[in-house]
Amino acid sequence: MITRARVSGCFGSSVVAGAVLILSAMAGAALTGAFAGLLGAAVEPPMRALLAVTAVSAVIVGAALRPVPWQLDRETNTRWLTYNDWRTAAYNGLALGVGFTTRIGFWLWYLVPLTAFVTADPVLGALGFTVFALTRVGLSALLTSADIYISDGIIRARMIADPLALAALGALYPILTPLL
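A short tour of the structure in this document, coming up.

Calculation criteria
Residues numbered from 1 in each chain as written. Predicted model: local features only at pLDDT ≥ 70, side-chain atom pairs only at ≥ 80, totals over all residues. Heavy atoms only, no water. Axes fitted to C-alpha atoms, helices over the stretch in contact; angles between N-to-C directions. Helix = DSSP H or I, 4+ residues; strand = E, 2+ residues; numbered from the N terminus. Parallel < 35°, antiparallel > 145°, perpendicular 65-115°, else oblique. Left-handed = near helix turned anticlockwise from the far one by under 90°. Contact = heavy atoms within 4.5 Å. Nonpolar A, V, L, I, M, F, W, Y, C, P; charged D, E, K, R; others polar. Core = buried A, V, L, I, M, F, W, Y, C linked by side-chain atoms within 4.5 Å. Buried < 20%, exposed > 50% of the residue type's maximum accessible area, 1.4 Å probe, protein only.

Brief notes about the packing of helix H3 (residues 45–65) against helix H5 (residues 111–119)
Then step 1. Orientation of H3 relative to H5, taken along the N-to-C sense of each, is 165°, at an axis distance of 10 Å. In terms of their interaxial angle, H3 and H5 are classed as roughly antiparallel. Crossing geometry of H3 relative to H5 is assigned as left-handed. Along the contact surface, H3 presents Arg48, Leu51, Ala52, Ala55 and Val56, while H5 presents Leu114, Phe117 and Val118.
Then step 2. Residue classes in the contact of H3 with H5 are distributed as 7 nonpolar, no polar and 1 charged.

Quick look at the nonpolar core
Then step 1. In this structure, Trp107, Trp109, Tyr110, Val112, Phe129 and Val137 are the most contacted members of the largest nonpolar core, which totals 19 residues.
Then step 2. Listing elements by their share of this core, those giving two or more residues are helix H2 (14–41), H3, helix H4 (86–98), H5 and helix H6 (122–145).
Then step 3. The element contributing the most residues to this core is H2, with 5 residues.
Then step 4. Discounting chain neighbours no more than four positions away, the residues touching valine 112 are Gly128, Phe129 and Phe132.

With respect to the side chain of serine 24
Then step 1. Inspection of the secondary structure assignment puts serine 24 in helix H2.
Then step 2. The exposure class of serine 24 is buried, given its relative accessible area of 11%.
Then step 3. Beyond its immediate chain neighbours, meaning those up to four positions away, serine 24 contacts Ala89, Ala90, Gly93 and Leu94.

Description of H5
Then step 1. Residues of H5 that are buried: Leu111, Val112, Leu114, Ala116 and Phe117.
Then step 2. Taken from the residues just after H5, alanine 120 is the one with a positive phi, measuring 55°.

Concerning unusual backbone geometry
Then step 1. Unusually for a residue other than glycine, alanine 120 sits at a positive phi of about 55°.
Then step 2. Looking at the secondary structure, you find alanine 120 in the loop between H5 and H6.

Spelled out as C-alpha cells, the structure:
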C-alpha cells in the first residue's frame, strides 16, 4: 500500500515522514468519524436504526455476492510523489485515513462508518475512525520501515477478514432491531 517513495523524503528523514503520514491519517480519520457521528446524532433513533439495518443488509448481501467491496478502485494520487517534501506523506495519510477515497480491501471497513453513525456521538465516531487509520496506515508504515513485503497479503487477509465482517455485521442486527 505504501511504498518507500511515499514515506521517505520528508526533511530527509523517513521517521519524520512516517510520523507525518500517520498523524495526517489520524487527523483525516478523526474529522470523518466526527462528521459521521454528528450525522447520526442529527437523525432520530428509529430512523437511524432503520438506515443502519438497511446498510447492514446491503453490505451482507454485497459481501456474500462479491469478493471485493464497493470502493473507489484506485491508489493515492501518484502526482503527490513529485512534491518530495512533507506534502507527499501528509496527502497520502489524509487519503488513506479517511478510508473511502482509496481502495478499501475488506468488507469489514463498512463497520467503521456504520458504527460512527449508529453511536451518534462525534467523539466515539472520531475515535473509531482514528483506530482504523492507525491500524491501516501505521501497520503499513511499520512494515515498510522494516522493509517487509508480504506477497498476496491482501488475498490471504481477506480469507480471515471477510468472514469476520459478515459475522460482525450480522451481530449488529439484534442490537439495531429493538430500536425499530
